[in-house]
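Tertiary structure, described
Listed here are the chains, written in short residue letters.
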Amino acid sequence: IKNITVANVSMNGKYNVGGLVGTTSYSTIDNAHTSGRVFGVTNVGGLIGFSLDTTVTNSDSTVDVYGRDSIGGIGGLIGKAYMSSISNSHASGYVEGSISVGGLLGNAISTTVRNSYSKSDVKGIRDDSDQDAIAGGLIGLMSASTVSGSFADSRVYGENDMAGGLVGSAMSGSIINNSYAIGSV
């Protein structure tokens with residue numbers, strides 16, 4: 001997918017909900033732009049709900065994203081990214097959800113983020129089972145992933161003790177370099 005704009009989207013779904021695409025597999029997205037509002041439950045993103053082995057470049061999302069997740073992620077650009085690469089991309093707007101909530105990516109597994117940023121405000125809330133949310137200005141939860149040359153300029157609110165200006169929780173195998181966060185937590 002290349003050189004596409006989806007403006008003023010109003011999307012309401014359940015699983016793998018995105019402003020542009022619900023699910024991508026072994027794909028490339030370049031110069032894609034979205035704006036509007038997206039609502040869902042699991043894997044909800046302003047651009048992509050769930051990405052598998054996908055490359056995203058030069059893309060952005062200005063979307064308000066709302067989700068109530070228990071296993072995936074809620075993100076300003078991508079809800080859950082698995083074995084994916086994101087570069088020169090950004091998100092702004094508002095992201096609210098439970099479990100893994102991030103301004104750019106809600107949940108990143110074996111994923112690389114380079115030269116990207118978030119200016120999304122992020123709110124992580126407890127789910128119906130009273131499970132704490134993980135909230136981050138750039139990424140909510142990352143595992144075996146790398147972030148470089150990236151930043152978050154966000155207000156982050158978490159109803160627990162796992163909230164971070166850049167990343168809510170970085171699990172084993174994660175690397176962060178030449179990146180920073182400003183804003184409030």
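Quick look at the structure, then. (Residues numbered from 1 in each chain as written. Predicted model: local features only at pLDDT ≥ 70, side-chain atom pairs only at ≥ 80, totals over all residues. Heavy atoms only, no water.)

Here we come to the side chain of K80. Position of K80 relative to the elements: it lies in strand β10 (residues 78-82). Discounting residues that sit within four places of it in the chain, K80 has contacts with N43, G49, F50, S51, I71, G72, G73, N107 and I109. (Helix = DSSP H or I, 4+ residues; strand = E, 2+ residues; numbered from the N terminus. Contact = heavy atoms within 4.5 Å.)

Relative to strand β4 (residues 28-40), strand β1 (residues 2-12) runs parallel, the two sharing eight bridges. Across the sheet, residue N12 finds its bridge partner in β4, namely F39. As paired strands, β4 and strand β7 (residues 55-57) are joined by three bridges and run parallel to one another. Counted as the bridge partner of I29 is V56 from β7. Alignment of β4 against strand β8 (residues 60-67), held across eight bridges, turns out to be parallel. Along β8, the bridge assignment pairs G40 with G67. (Pairing = 2+ DSSP bridges.)

With that settled, consider the packing of aromatic side chains. Here the structure, examined in full by the defined rule, presents four aromatic pairs. The interplanar angle of 10° and the centroid separation of 5.0 Å between the aromatic rings of F39 and Y66 together place this pair among those described as stacked. Taken together, the residues F39 in strand β4 and Y66 in strand β8 connect sequence positions 27 residues apart. Consider the rings of Y117 and F151, whose centres lie 4.9 Å apart with planes at 10°: the pair is stacked. Of this pair, Y117 sits in strand β16 (residues 117-124) while F151 sits in strand β20 (residues 151-158), and the two are 34 residues apart along the sequence. Here a set of aromatic residues connected by ring pairs shows up, and it is made of F39, Y66 and Y94. (Phe/Tyr/Trp six-rings, centres within 6.5 Å; stacked < 30°, edge-to-face > 60°.)

This paragraph deals with the sheet that holds strand β13 (residues 100-102). Strand-to-strand pairing in sheets goes through backbone hydrogen bonds, with the strands running parallel or antiparallel. If you walk across this open sheet you meet the six strands as β2-β5-β9-β13-β17-β21, and the pairing is parallel. At either margin of the open sheet sits one strand with a lone partner, and together these are β2 (15-18) and β21 (163-164). Examined bridge by bridge, β13 and strand β17 (residues 134-136) share three bridges and lie parallel to one another. Note on β17: the bridge partner recorded for V101 is A135.

Turning our attention to the sheet that holds strand β6 (residues 48-52). Strand order in the open sheet formed by six strands is β3-β6-β10-β14-β18-β22, and the pairing between neighbours is parallel. In this open sheet, the two edge strands, each paired with only one partner strand, are β3 (21-25) and β22 (167-170). Sheet twist, expressed as the average angle between the axes of neighbouring strands with direction ignored, equals 5°. When strand β18 (residues 139-143) meets β22, the two strands line up parallel, connected through three bridges. Bridging from a neighbouring strand, M142 pairs with A170 of β22. (Axes fitted to C-alpha atoms, helices over the stretch in contact; angles between N-to-C directions.)

As far as function goes, none of this settles anything; it's purely spatial.
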